[in-house]
Amino acid sequence: MSHDTAPKVSAIVTAPADWYVDPAQWQAERRKVFAGNWQFLCHESDVEAPRQWRADVLAGFPVVVVRGDDGELRGFHNVCRHRAGPLVKDEAGVCDGYLTCEYHGWKYMLDGRLRMARDFGAASDFDPREYGLFPIRLAVWRGLVFAGLNEVLPDLDEELKPLDARLGVLDWSGFRVGLRRSHLLDCNWKTYVENYLEGYHVPNVHPGLDAEILSDQYKVTVDGKVALHEVPPLSQDAVYDGVWAWLWPNVAINVYQRGLMIERMSPIGHDKTRLDYTYLTPGGETVAAETLAMSDQVTAEDKWIAEKVQENLNAGVYRTGRLSPKHEIAVAAFQTWVRDALEI
């Protein structure tokens, strides 16, 4: 049973346009929205072998996750304690048992301890035990690895209970990464997220998707900090399975007939967003051509409308608007969560 936690009012005033154009807002969001919540990082199969690592940037925070020789998965900021050099420079790889800074060669154990400060010289007040890597927290849910940057974080399992209930016994255990794609958008991350959080625009913006679903039955419910999109497909041959889920603050799970796609809405500044798509398929098989075609089409359409909306927000004419109590309850909830995080 869904517990709708969105605002229960007949009409809702939108967040002000300044939210989407002010660089200062972005810096506050990095610290209070993203560092303070779980963010999707990778799939367990990306780092299943000892010494295998994967690096990424989460809302401006470079991070690296690595599997130790003891089998433990650990995460760190991709920042050397010497002079902030990068520990790794690629997206993925296998190390020699250490993480070694690309700048001056400081070497770290895979549990984060400093092993060697290369050719550092004598310094009586230098204690290597005080210069271990900055750790991050990791949590795994259904094979998806999430990273948390702050010490205090919400309970991930609790936050994902609504989605667990909807997915039931659906087995993802054999899924592996079949493909990765990224798309760059010239818009604030919230502009894109709010587009994702409603199906109101589907008949106007997504004719191909609209032809596959019963759009008059499109339903979005909010349970905790999960927004569930459900709509019946027109036929059993439809590409989509009719289920989309969005998790605060910036990750979505799009379920296809054969596999799923994890979509991370990655802010890379106040005016740019990168969509990072991770397609998971049974055994890592090739993603179906019809799935990619539909995904590419919907993404291109969303990119166009989000960038046009951003242009209008930047123009300075629009200040606030109204949200539909029928279609945009998840957008209203999202704006409330941002306000709460920023304490405004």
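Structure shown above.
Residues numbered from 1 in each chain as written. Predicted model: local features only at pLDDT ≥ 70, side-chain atom pairs only at ≥ 80, totals over all residues. Heavy atoms only, no water.

Caption draft 1: Layout of the overall build of the protein chain. The number of helices and strands found in the protein chain is eight helices and 19 strands. Relative to a compact globule of 344 residues, whose C-alpha radius of gyration would be 20 Å, the protein chain shows 21 Å and is just as compact. Scored against the burial criterion, the 344 residues of the protein chain give a buried share of 51%. Taking all contacts inside the protein chain whose residues are at least 6 apart in sequence as the whole, residues at least 24 apart take part in 61%. Averaging the locations of the 36 positively and 50 negatively charged side chains of the protein chain gives two centres separated by 5 Å. (Helix = DSSP H or I, 4+ residues; strand = E, 2+ residues; numbered from the N terminus. Rg over C-alpha atoms; globule rule 2.2 N^0.38 Å. Buried < 20%, exposed > 50% of the residue type's maximum accessible area, 1.4 Å probe, protein only. Contact = heavy atoms within 4.5 Å. Lys, Arg positive; Asp, Glu negative; His and termini not counted. Charge placed at Lys NZ, Arg CZ, Asp CG, Glu CD.)

Caption draft 2: Unusual backbone geometry, seen in detail. The linkage connecting W248 with the following residue, P249, adopts the cis geometry, with an omega of 5°. Structurally, P249 is set in the loop between β15 (240-247) and β16 (251-256). Of note, R51 is a non-glycine position whose phi angle comes to about 75°, a positive value. Note that R51 resides in the loop between β2 (39-43) and β3 (52-58). Backbone geometry at R142 places phi at a positive 50°, although glycine is not the residue there.

Caption draft 3: Region of the structure containing the packing of helix α4 (residues 189-196) against helix α8 (residues 329-342). Between α4 and α8, the shortest axis-to-axis distance is 9 Å and the interhelical angle comes to 145°. Read as a crossing pair, α4 and α8 show a hand that is right-handed. Counting all contacts with α4, which are made through W189, K190, V193 and E194, the residues of α8 involved are V331, F334, Q335 and V338. (Axes fitted to C-alpha atoms, helices over the stretch in contact; angles between N-to-C directions. Left-handed = near helix turned anticlockwise from the far one by under 90°.)

Caption draft 4: Representation of the sheet that holds β2. Taken together, the seven strands give an open sheet; going across it, the order is β2-β11-β10-β5-β4-β3-β6, and neighbouring strands pair in antiparallel fashion. Both edges of this open sheet fall to β2 and β6 (92-94), since each of them pairs with a single strand only. Going across the sheet, the axis of each strand differs from the next one's by a mean of 30°, ignoring polarity. Here β3 runs beside β6; their pairing, made up of three bridges, is antiparallel. If you follow R54 over to β6, its bridge partner there is A92. (Pairing = 2+ DSSP bridges.)

Caption draft 5: Spatial organisation of the sheet that holds strand β9 (residues 114-116). Taken in spatial order, the three strands line up as β7-β8-β9 in an open sheet, and their pairing is antiparallel. On the outer flanks of this sheet lie β7 (99-100) and β9, each paired with one strand and no other. Of the strand pairs in this sheet, strand β8 (residues 107-108) and β9 are connected by two bridges, and their pairing is antiparallel. Note on β9: the bridge partner recorded for K107 is M116.

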